[in-house]
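In case you want the letters, here they are:
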Amino acid sequence: MRTRVRFVVAALALPLLTGLSACGELQQNAQEAQEGIQQAQDRLDAGSACVQAINIANFMPNFADPQQAQADAQAKVQELQRLADQTADQTLKQNLLDVQKSVEQVASGSVTLESSAEWASAQLEKYGQITTTCSKAVGG
């Protein structure tokens with residue numbers, strides 16, 4: 001009788017154990033799917049940050065109007081800081097902070113019409129660094 005009870009218990013436990021194993025596989029598959037979704041979301045976030053970064057880093061003030069150039073630059077400094085604070089990619093964040101430092105020179109009035117060509121050349125390099133970083137971040 002004991003052997004029969006053990007056999008019945010084993011027979012009843014087998015589907016339960018098989019079901020638990022299947023649940024484990026389903027849970028693992030769900031976790032892998034969630035990780036894939038997160039990676040896609042991270043790329044989307046990087047893409048969104050890059051579009052904003054490229055638009056902001058594209059800043060070129062009108063040095064013929066120094067007061068307007070300073071006001072425009074101050075607004076861009078704030079935009080750059082906000083975006084850098086929200087950016088998870090550390091390389092892009094550093095690129096944004098580099099652009100911000102450069103734009104702060106315009107906001108402070110230290111870049112004049114006479115020195116604007118040199119500033120614009122350096123700014124173009126910083127813009128290139130952002131586009132390179134973004135192409136790597138979004139391109140995978």
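Worth saying up front: this structure is predicted, and the values here are computed from it rather than measured. (Residues numbered from 1 in each chain as written. Predicted model: local features only at pLDDT ≥ 70, side-chain atom pairs only at ≥ 80, totals over all residues. Heavy atoms only, no water.)

Caption draft 1: Molecular detail of the side chain of threonine 133. Its place among the elements puts threonine 133 in helix H4 (residues 116-139). Dropping the residues within four chain positions of it, threonine 133 is found in contact with Asp89, Thr91, Leu92 and Asn95. (Helix = DSSP H or I, 4+ residues; strand = E, 2+ residues; numbered from the N terminus. Contact = heavy atoms within 4.5 Å.)

Caption draft 2: Representation of the packing of helix H2 (residues 66-86) against helix H3 (residues 90-107) in the model. At a closest axis distance of 8 Å, the pairing of H2 and H3 adopts a crossing angle of 160 degrees. Put simply, H2 runs roughly antiparallel to H3. Between H2 and H3 lies a crossing whose hand is left-handed. Residues Ala69, Gln70, Ala73, Gln74, Lys76, Val77, Leu80, Gln81, Leu83, Ala84 and Asp85 of H2 pack against Lys93, Leu96, Leu97, Val99, Gln100, Val103, Glu104, Val106 and Ala107 of H3. (Axes fitted to C-alpha atoms, helices over the stretch in contact; angles between N-to-C directions. Parallel < 35°, antiparallel > 145°, perpendicular 65-115°, else oblique. Left-handed = near helix turned anticlockwise from the far one by under 90°.)

Caption draft 3: Molecular detail of the pattern of salt bridges. Scanning the model with the defined rule gives 1 salt bridge in all. Where lysine 76 meets glutamate 79, a salt bridge forms, and the shortest distance between an N and an O atom there is 3.6 Å. A residue pair is termed a helical-turn pair when its members lie 3 or 4 positions apart in one helix, as lysine 76 and glutamate 79 do in helix H2 at 3 residues. Taking relative accessible area as the criterion, glutamate 79 reaches 27% and is therefore assigned partly exposed. (Salt bridge = Lys/Arg side-chain N within 4 Å of Asp/Glu carboxyl O. Buried < 20%, exposed > 50% of the residue type's maximum accessible area, 1.4 Å probe, protein only.)

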